[in-house]
Structure formats: structure tokens, C-alpha cells
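# Close look at the chain arrangement
So the chains spell out like this:
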Amino acid sequence: LCMVLHKAVLASPAVKHEVIADGHAIVVWEKSVKEAKGLILLHHGRTWSSLPDFDLQLEGEELSLMDGFNRQGYSVWAMDARGYGETTRDASGWNTPNRAAKDISIVLQWLADKSHTKINLGGWSMGSMLSQLAAQQYPENIKSLILFGYPLALGFAIPSDIQNTEAPKFPTTEEAAASDFIVPGSISQNAIDEYVRHALQADPIRADWHYQHQYNALDASKLRMPVLLLQGEFDPLTDTAMHAQIFSKLPNANKQWVVLKDGDHAALLEIPRIKLIYATTNFIEWLDM
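Bear in mind the structure is a predicted one, so any value in this text is a computation, not a measurement. (Residues numbered from 1 in each chain as written. Predicted model: local features only at pLDDT ≥ 70, side-chain atom pairs only at ≥ 80, totals over all residues. Heavy atoms only, no water.)

The subject of this paragraph is the sheet that holds strand E1 (residues 15-21). Spatially, 8 strands are ordered E1-E2-E4-E3-E5-E6-E7-E8 in an open sheet, and the strand pairing comes out mixed. A strand with exactly one partner marks an edge of an open sheet, and here the two such strands are E1 and strand E8 (255-260). If you compare each strand with its neighbour and ignore which way they point, the axes differ by 20 degrees on average. Examined bridge by bridge, strand E6 (residues 142-148) and strand E7 (residues 227-232) share 4 bridges and lie parallel to one another. Its bridge partner being in E7, Ile 146 is matched across the sheet by Leu 228. Against the sheet, helix H3 (residues 97-115) makes contact with E1, strand E2 (24-31), strand E3 (38-43), strand E4 (74-79), strand E5 (119-124) and E6, and its axis sits at roughly 115 degrees relative to E1, the strand it touches most. (Pairing = 2+ DSSP bridges. Helix = DSSP H or I, 4+ residues; strand = E, 2+ residues; numbered from the N terminus. Axes fitted to C-alpha atoms, helices over the stretch in contact; angles between N-to-C directions. Contact = heavy atoms within 4.5 Å.)

Here you go:
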């Protein structure tokens, strides 16, 4: 396969949809191509929503993961979880892993009904944990699972939350928005500034999560579909021993573990973004051989 680089120009904005999940409108962003090779659904991380993470636009620079997948012939959707981007908070004020996993499954069903095909599900950071949980609980419409920036360590055990507490709704900060950019020279300061601006505009209030002990149900041996693990070389949030355990427990022989050289937790926006796109599309096409 050949990765073709294009001169960076501002792309058309993503198309907004609303998918009703048990009475709650989940916003889903679409960037499609004609005669797509396949379909990809992306889930963002803990703090920031889909458009800053997956479709950042800056004249003269290639930053959008969605545009990159489009150029390789793939149609891409990205969903805003409850309390993120243009999806309102749950009425309780909280999101939970199981609620988010069910929301993913409902969006997957919506996409499968539209396209009459299974979907490649990709999650970044906490989104990788949520995507795995959805794949364990609702595998029906998933062709493959792509996990990038998986932030759990070997032997993790998350204690139960205190119940009946009020969501704090803390403001997000510029420092937090810029914190994942680690490797010097991997992204311009202009791009970091633009990301910070868009992130704070899209997600001014930090989303709140309850019952995170539900992540204790994560078990790679229960993943029956093909799985791609993507790990940034310098990602401080990922644990190589954890990746090794996940990889060894995956029951489907269609599995790959790729380390993105010079990448960190924000590799999806940095120079190694090209390697991430190539590794992902190569994996998906390898499954069809």
C-alpha cells in the first residue's frame, strides 16, 4: 500500500447527525467518500470531543484523522459521547462506561442499517476502553476493533464510586488541552494553539464519569473480532506489559500490535498520524485478503 501525501487545504466541514439512544440525542459527525473501501466509527478520549481530536483544520497543515482516512478511501464517522461536544449531558449529570458502551452499540446499529455492512470501530485513550467494552457487550455490528492510546496498566482494579454524588462540572483548561503534546517537533506551535482553542470551545466543561469500576469487566479474551493495538513509542499513558497481555489473550488470530515510532498520546494529530492511518487501513485491508 502507498500512503500519498497531499497539499494541506481546509476540507469541507463534517456533516452532523443525531442518533437517538434510549431517548437521548447522540451527535455523530460524518465525512464520507463515494464507493468507500470500508466504514470507520471513532470514539474520542476522556476530556475532549470528536471534532478537536479527529477533524482539526488548520490551513497549510495536515491534522485531520478523518480527512486522512477519506484520502485512503474510507468513510468515517465520529461520535460525541454524553456531555461532550454537541451531545448534551445525561439527565443525571454523569456518564458511565456501560451507558457509553450501549450508546456506541446504538450508533453502530444506526450505521449498519444505513450501510448494510459491519463497521470498523476505533477508540482513542479512554475511548479505546469504551470501544472494547462495547465490543465485548455488543459485538454484532463490529468488523474490527482498533485500540489506540490504551491507558490502563497491568493489574488495574478500579474501586467503586461513592453513590448519589453531584457531578462537579469543572471547567477545562488550556494547560490540560496542550498536555498530550510531548515529542518536540512532532507538531507545530500553531497547531497546538489551534487545538487548544477548538478543544476549549467545544468542551468548556469537563464531562463527569461515574461507576468507572465497570471498566473492571474489560477482558481481551472476550473479543472475538480482529483487533489492532496501536501504541505511541513515547506515550506515557500506555503500559507495554498491558498491551502484551491484551495481545496474548486475544482469541482471534487476526490481530496486530503496532508501535508508532516517535509517537506519543497525541500521535493522531502529530507527524506519526500518517503511520497511524497507514497501520489502520493496512490492517483493515489485510482482513479482506
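Additional details are given in the paragraphs that follow.
We now examine the packing of aromatic side chains. Counted by the stated rule, this structure contains 4 aromatic pairs. Aromatic side chains Phe 181 and Tyr 195 sit 5.4 Å apart centroid to centroid with 85 degrees between the ring planes, which places their arrangement in the edge-to-face category. Here the residue Phe 181 occupies a position in the loop between helix H5 (174-178) and helix H6 (189-202), and Tyr 195 occupies one in helix H6, the gap between them amounting to 14 residues. Judged on exposure class, the residue Phe 181 and its partner Tyr 195 are both buried. (Phe/Tyr/Trp six-rings, centres within 6.5 Å; stacked < 30°, edge-to-face > 60°. Buried < 20%, exposed > 50% of the residue type's maximum accessible area, 1.4 Å probe, protein only.)

This part is about the pairing of E7. Of all 6 residues making up E7, 6 are buried, and the element is well covered by its neighbours. Burial along E7 is two-sided: Val 227, Leu 229 and Gln 231 facing one way and Leu 228, Leu 230 and Gly 232 facing the other are all buried. In this structure, E7 lies alongside E8, joined through 6 bridges in parallel fashion. Each residue of the ladder has a partner; that of Gln 231, found in E8, is Val 259. Running through helix H7 (residues 240-249), the crossover from E7 to the neighbouring parallel element E8 is right-handed. (Right-handed = clockwise from strand over helix to strand, strands pointing away.)

Any link to function would need more than the numbers given here.
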